[in-house]
Structures are given as C-alpha cells and as structure tokens.
Amino acid sequence: MSERDYELDNIYMEFILENYRNPKNYGSMDNPTVERSGSNPLCGDEITIYLRIENNRIVDVRFTGRGCAISQASASILTEMIKGKDLDYVKGLKEEDLLSALGIELSPARLKCAFLSYRVLKDSVSGF
Amino acid sequence: MVNDSILDVKRIREDFPILRRRINNKRPVYLDSTATTQKPRAVIDAIVNYYENYNANVHRGIYRLSEEATDLYEKSRKNIGNFIGAREDSIVFVRNTTEALNLIAYSYGNLLREGDEILTTIMEHHSNIVPWQFLSRKGVKLVFADINPDGTLNMDDFIGKINKRTRIVTVTHVSNVLGTINDVEEIGKIAHDQGAVFIVDGAQSVPHMPVDVRRINADFLAFSGHKMLGPMGIGVLYGRKDILESMDPFMGGGEMISEVHTYGSKWAEVPLKFEAGTPNVEGAVGLSAAVDYLRSLGMDNVRGHEKYLVSYALERLGSIEDIQIYGPKDPEKRGGVISFNFRNIRSERIHEQLRKEGIMIHPHDVATILDMDSVMVRSGHHCAQPLMERLDVPATSRASFYIYNDRDDVDALYDAIGKVRGVLRI
Ligand SMILES: Cc1ncc(COP(=O)(O)O)c(C=O)c1O
C-alpha cells in the first residue's frame, strides 16, 4: 500500500462546511407530492426528502434529518442541483454528478454518507 | 492520582511491530483496542513457529508430527483454561465471542420451552442480543434490565425482572460502550437463586482484568482471542462441564463424533463434541502465547494501568466544554473505555433552526478529524444499537486503552479533540 492511500486530504473544504452549517432547503414541507426517508446503518444517519412535483418538474424540495458534515452538505448540494429541474434530469442524475458537485475525494466509508440523500432522492422519484 | 503507571509502556511498545509504523509521518495513536488489539512479536512468532515446525491436522494422524500438533493444541487449551481458573475439559474453542454465544443460544436454547424467559441488559453488544432473539420463534421471551443515569446497571430493575420463568441470565462483564464493570459475582448469585444459568460476555473483561470463572459464579464465559493480543478467528467458550454434557452439539461433522453409522452417530466427549471440523490450531497456539504475555505482565497490573489511564482521560476530556462523556465517572467501576460526544453546539455560524435545537457534531466527523493526527478512535453505534437508543444518540466516538497506551496517547487525543470545532469552523 502506498503512503498516498493514507494521505488524508482535508475533506472539510469551505464549500462543504458552508453547506453543513447552513444547509439549503432544510426543513419539512406541508403536503409534498412525495416524501421519502432513508438511513445509513453504519452511522445512524437519517434523512427525509420532500418533493413538490408539478408538470413533471421539481418546483420545490426540502430535507430534514441529522448526520455527519458530509451527508448534510451532500443533501444540501443535491437539493440545490435538482430544484426547478425536470424529473428526467433527476432520473438521469448519476453518482459522479453529485461527487463532482461536492468536489472532494472520499474514502469508501464516507462515500456512503455522501450518497445517502442521493439514494433517498432516487427512491422518491422512482414511481413517476 | 498516581503519576506513573505500573507498566513500562515504552518497553511494551517495542514488543509490538505495528507500532513502529508511521502513518502520515506520525506515530500511530491506536485507541481502538476494544474493537481489536495489536499483536506482540511473541504471538506472531508462535504462529510462525507452529507453521514452520509443527503443522499437521490434529486428533487424526498416528505419525509423530500430528501428535505434536495435537499436543500443542491441547496444551494451549489447558493454558488458556488456567488463565480463567478453568479445567481444560470445559474449554471449547470457537471463532469468537459471537460464535460462543450463538453456540449456547442454539444448544442450550434447545432445552428451553415456550414461556421461558431470558434476562439480559440494555448495554449488551448485538452478539448478546440477536442470538437470543432467534429463540423468540419458539415463544421464549427476552427481557432487558435498564441502566441508571450514570451508566451502571439498575439493580432494582434487574431484580424486579427476574422470576421463576427466567432460565438464562446473560450479561456483559464490561460494556464496550460505557465501560461499566458489572458486578457479575452478585448478578450470578441472584441468577442462581432463581435457578437460572448465568452467562458472562467476557469479551471486554478477560483481556483487561483478572477473571476467574469460579469467583464470578459464571456457568458460561465467552471471549475473543483477537481482543487480548491473540490472532483473529479464535475465541473461547468456557462452560460448566455438567451443563455442556447436557447440551446437544452445535454443528455436526468430523472431530465432534465418536462413532458415525449410516443413520446415527455418537458424540465425542466434551469439549470436542462442540468442535466440528478441523480447528484453528494456529489460533489456539497464538492465543496461548498471548495469555503467556499477559500473565508475564500480571493481570492486576494490566487492570491497574488501565484504571490509571482512564482516570487521567476522564479528567482531561472532562475539562473540555461541549463534551459529554457516557458511563460511570468512578474509575473503579469503569474499564479502559470512554465514549463521548460533542453535543448541543449552539454556534452563531449555524442555521437558525439547527442552532435552536443545538446540533451534535457527528462522531464520524470527529473520527475523521482525529485521524488527521493519526489518533484512531471508533465512531458509530459500536454494535449496541439498543443502548444508543437508550442514550438517545445515533452514535458516539469511543477511545479505548490497553497495555501499549500511555499518558501521551491521552494527551494526543485531547489535543486532537481540541481541533474538531476549528476544522469544522463551527
Ligand atoms: C462486549 C462485547 N461482546 C461481544 C463482542 C463480539 O466480539 P467478536 O466480534 O469478537 O465476536 C464484542 C466486540 O466488539 C464486545 O465488545
């Protein structure tokens, strides 16, 4: 194993931290079109995503839940990415898209944190 | 407080090759011995010596080499039994604590009937909960005794929940999250007064303090080799011999039989009856070497050292604002384990709604930030989710100590914890 494997880049970049401390779209929603929850058994993180969908478009999105900085920031950034977008965009979204929006490299364990909101989002649009 | 440990940690560290590694150019500060311990040269050498000079299948060959391998395996059993005050014929080799507890749940569980009860505690590891849940299929009820606010077992609740239907009492000797040392001697007495068998999960006690099965009134004691300097894949189930004899085998196959006919078999004597298939001889030999190593330090000294470190850690971490420590504050009642959380952070920098509620810095972030200084702690639910629910937290960070840790490690932990809020700018 190379030393590189153990070099810890600081994943707590200001962009991530800003989304952690002041998450966008945080809070619940009355009468959402769809509401889905999910959790990460490894760390006990839980997240709920609320979507209001009109004419196949995400007109509003919110989330609640607690977790680590990575899972919170990722939910904040993801909800920003999809707000106002077509359902087709959400369905076509890939893990890589979220990762490049986060702009950090994550270890396998922390990837699970980053993808929690992504998984819940994919689940919530699967019925449309 | 004493300022010097009873153990010569500098010398001990030299016995552990892995501690010479540098990670990120830093000295590893390994504080996760509750999960698994590092291995001394003596254990590694014993395993190499076994493979280089004695390897053969055991209990089978007539040739000299096989007899020598069998002899090593059986001598290891005797040595390990001796370590906990037990005769070799009540020592069953298994893979780990989990397997030992599953063995009892299966084989002793066969003797239970609908309406019988099993009494345990809310501070158990999943391995002392899930196997018992299997028995609910046949109508056996699982009952949990609660804890006090200080993380000790609530004895009133425990006594209130034991009754004539209680057939098994199963309790961890030391909690892997709270560090609580349970008064197993007393619990064992209460269990026996009700006619129940008493099982002790010794995963976190046998490695860290003197344990004698006769003193603690245990009918069964389970522990893992890898948590006491030994290799992974070897563990021990001690069982009272007459009880082991009354139980059905756990798995069937070679080694555990005396006669096999087409439609029926006879079992081997205890303990081989419970050791189906080729055993982990390397593991037994390695664990025996680990026991020798621990014995040379003296288990009273090991316990004394950890008590000294944990009181120093309680004092240092206790002085940090925002940190909540779980478990007993009294080092007499606590093993070398400290779980903690940053709770109720009300920084001006955070989202209004989060600030009102007061956020918890997630243990995963704490562990990641500590790792930047090569301080290795565990974060998560520690396989004790019912306890996490009881404490009303999703997870905790946990530091644990062993013979190769010293005050410098506690200081490194303290310093790294001091950086967490800065890294998160919170
Ligand atoms: C108290 C306790 N019991 C049981 C276990 C399970 O040990 P193993 O995984 O070696 O079976 C552990 C390990 O973390 C433990 O701390």
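Thresholds, definitions, all that
- Residues numbered from 1 in each chain as written.
- Chains lettered and ligands numbered in written order.
- Predicted model: local features only at pLDDT ≥ 70, side-chain atom pairs only at ≥ 80, totals over all residues.
- Heavy atoms only, no water.
- Helix = DSSP H or I, 4+ residues; strand = E, 2+ residues; numbered from the N terminus.
- Buried < 20%, exposed > 50% of the residue type's maximum accessible area, 1.4 Å probe, protein only.
- Contact = heavy atoms within 4.5 Å.
- Areas by Shrake-Rupley, 256 points an atom, 1.4 Å probe, with all protein chains shown as cover.
- Lys, Arg positive; Asp, Glu negative; His and termini not counted.
- Charge placed at Lys NZ, Arg CZ, Asp CG, Glu CD.
- Near = heavy atom within 4 Å.
- Polar contact = N/O pair within 3.5 Å; in protein donor to acceptor, adjacent residues only side chain to side chain.
- Nonpolar A, V, L, I, M, F, W, Y, C, P; charged D, E, K, R; others polar.
- Pairing = 2+ DSSP bridges.
- Axes fitted to C-alpha atoms, helices over the stretch in contact; angles between N-to-C directions.
- Buried area = accessible area lost by both parts, 1.4 Å probe.
- Salt bridge = Lys/Arg side-chain N within 4 Å of Asp/Glu carboxyl O.
- Domains from an automatic or database assignment.

Scanning chain A from terminus to terminus reveals five helices and three strands. Based on the C-alpha atoms only, the size of chain A along its principal axes is roughly 50 × 25 × 25 Å. Counting the 128 residues in chain A, one finds 48% classified as buried. In chain A, the share of contacts with a sequence separation of at least 24, taken over all contacts with a separation of at least 6, comes to 60%. When the accessible area of chain A is evaluated, it comes to approximately 6100 Å², of which 47% is carbon and sulfur surface. Across chain A, 16 positive and 20 negative side-chain charges occur, with their mean positions spaced 5 Å apart.

Okay, the site of the ligand next. All names here are of chain B. Around the ligand lies a shell of 13 residues, among which Thr98, Asp201, Gln204, Ser224 and Lys227 are the nearest. Within the side chain of aspartate 201, an N or O atom sits 2.5 Å from a nitrogen atom of the ligand. Here serine 224 contributes a side-chain N or O atom positioned 2.7 Å from an oxygen atom of the ligand. Coverage of the ligand by the protein amounts to 88% of the 400 Å² it exposes when considered alone. Partitioning the shell around the ligand into residue classes produces one nonpolar, 10 polar and two charged.

The next point concerns the sheet that holds strand E2 (residues 45-54) of chain A. As a general point, the strands of a sheet are linked pairwise by backbone hydrogen bonds and lie either parallel or antiparallel. All names here are of chain A. Overall, antiparallel pairing links the three strands, which are arranged E1-E2-E3 in an open sheet. Strands at the two margins of the open sheet, each flanked by one partner only, are strand E1 (34-40) and strand E3 (57-66). The average undirected angle you get between the axes of adjacent strands in this sheet is 20°. Helix H2 (residues 69-82) contacts E2 and E3 of the sheet and is inclined by roughly 170° relative to E3.

What follows is about the pairing of strand E7 (residues 220-224) of chain B. The side chains of a regular strand alternate, residue by residue, between the two faces of the sheet. Residues and elements named next belong to chain B. Within E7, five of the five residues are buried, which leaves it mostly tucked inside the rest of the structure. Where strand E6 (residues 197-201) meets E7, three bridges bridge the pair, whose relative direction is parallel. Looking across to E7, one finds that valine 200 is bridged to leucine 221. Of the pairings in the sheet, the one linking E7 to strand E8 (residues 235-239) comprises five bridges and is antiparallel in character. Bridging from a neighbouring strand, serine 224 pairs with glycine 235 of E8.

Here we take up the sheet that holds strand E3 (residues 117-121) of chain B. Residues and elements named next belong to chain B. With mixed pairing, the seven strands of this open sheet are ordered in space as E2-E8-E7-E6-E5-E3-E4. Edge positions in the open sheet fall to strand E2 (91-94) and strand E4 (141-145), since each of these has one partner strand only. The mean angle between the axes of side-by-side strands here comes to 20°, regardless of whether they run parallel or antiparallel. Both strand E5 (residues 166-172) and E6 contribute to a ladder of five bridges, which runs parallel. For isoleucine 168, the partnering residue across the bridge sits in E6 and is valine 197. Here helix H7 (residues 184-193) sits on the sheet in contact with E5 and E6, set at roughly 155° to E6.

Right, let's get into the interface of chain B and chain A. Taken residue by residue, the interface counts 29 residues in chain B and 27 residues in chain A. Buried surface at the junction of chain B and chain A, summed over both partners, amounts to about 2300 Å²; 51% is from carbon and sulfur atoms. It is His351, His364 and Arg425 of chain B in chain B that bury the most area against chain A; as a group they hold 22% of the surface buried on that side. Our count for the contact surface shared by chain B and chain A stands at two salt bridges. Of the charged contacts in the structure, one is a salt bridge between arginine 110 of chain A and aspartate 365 of chain B, with a shortest N-O distance of 2.8 Å. At the surface where chain B touches chain A, the tally comes to 12 residue pairs in polar contact (both at pLDDT 80 or more). Elements supplying a minimum of two residues to the side of chain B that touches chain A: helix H11 (352-357), strand E13 (359-361), helix H12 (363-371) and helix H15 (420-424) of chain B. In terms of residues, the side of chain B that touches chain A owes the most to one element, H12 of chain B, which gives five residues. Per-class residue counts for the side of chain B that touches chain A are 13 nonpolar, nine polar and seven charged.

As a further point, take unusual backbone geometry. All names here are of chain B. Note that the residue after valine 270, namely proline 271, is joined by a cis bond; omega there is 5°. Considering the arrangement of structural elements, one finds proline 271 in the loop between strand E10 (264-267) and helix H9 (281-297). The backbone of asparagine 24 shows a phi angle near 60°, a positive value even though the residue is not glycine. Following the sequence through the fold, asparagine 24 ends up in the loop between helix H1 (9-14) and strand E1 (29-30).

Residue and element names in this part refer to chain B. If you check the domain split of chain B, you get domain 1 (9-30 + 298-424) and domain 2 (43-296). Tallying the contact residues gives 34 residues for domain 1 and 32 residues for domain 2. A combined buried area of about 2600 Å² lies between domain 1 and domain 2, and 64% of that area is made up of carbon and sulfur atoms. The largest per-residue losses of area from domain 1 upon contact with domain 2 belong to Met299, Leu387 and Tyr402, which jointly make up 24% of the total buried on that side. Between aspartate 146 and arginine 390 there is a salt bridge, and its shortest N-O distance comes to 2.7 Å. Looking at the side of domain 1 that touches domain 2, the elements that each hand over two or more residues are helix H10 (299-318), strand E12 (337-345) and helix H13 (385-391). Sort the elements by how many residues they give to the side of domain 1 that touches domain 2 and H13 lands first, with six residues. Partitioning the side of domain 1 that touches domain 2 into residue classes produces 18 nonpolar, seven polar and nine charged.

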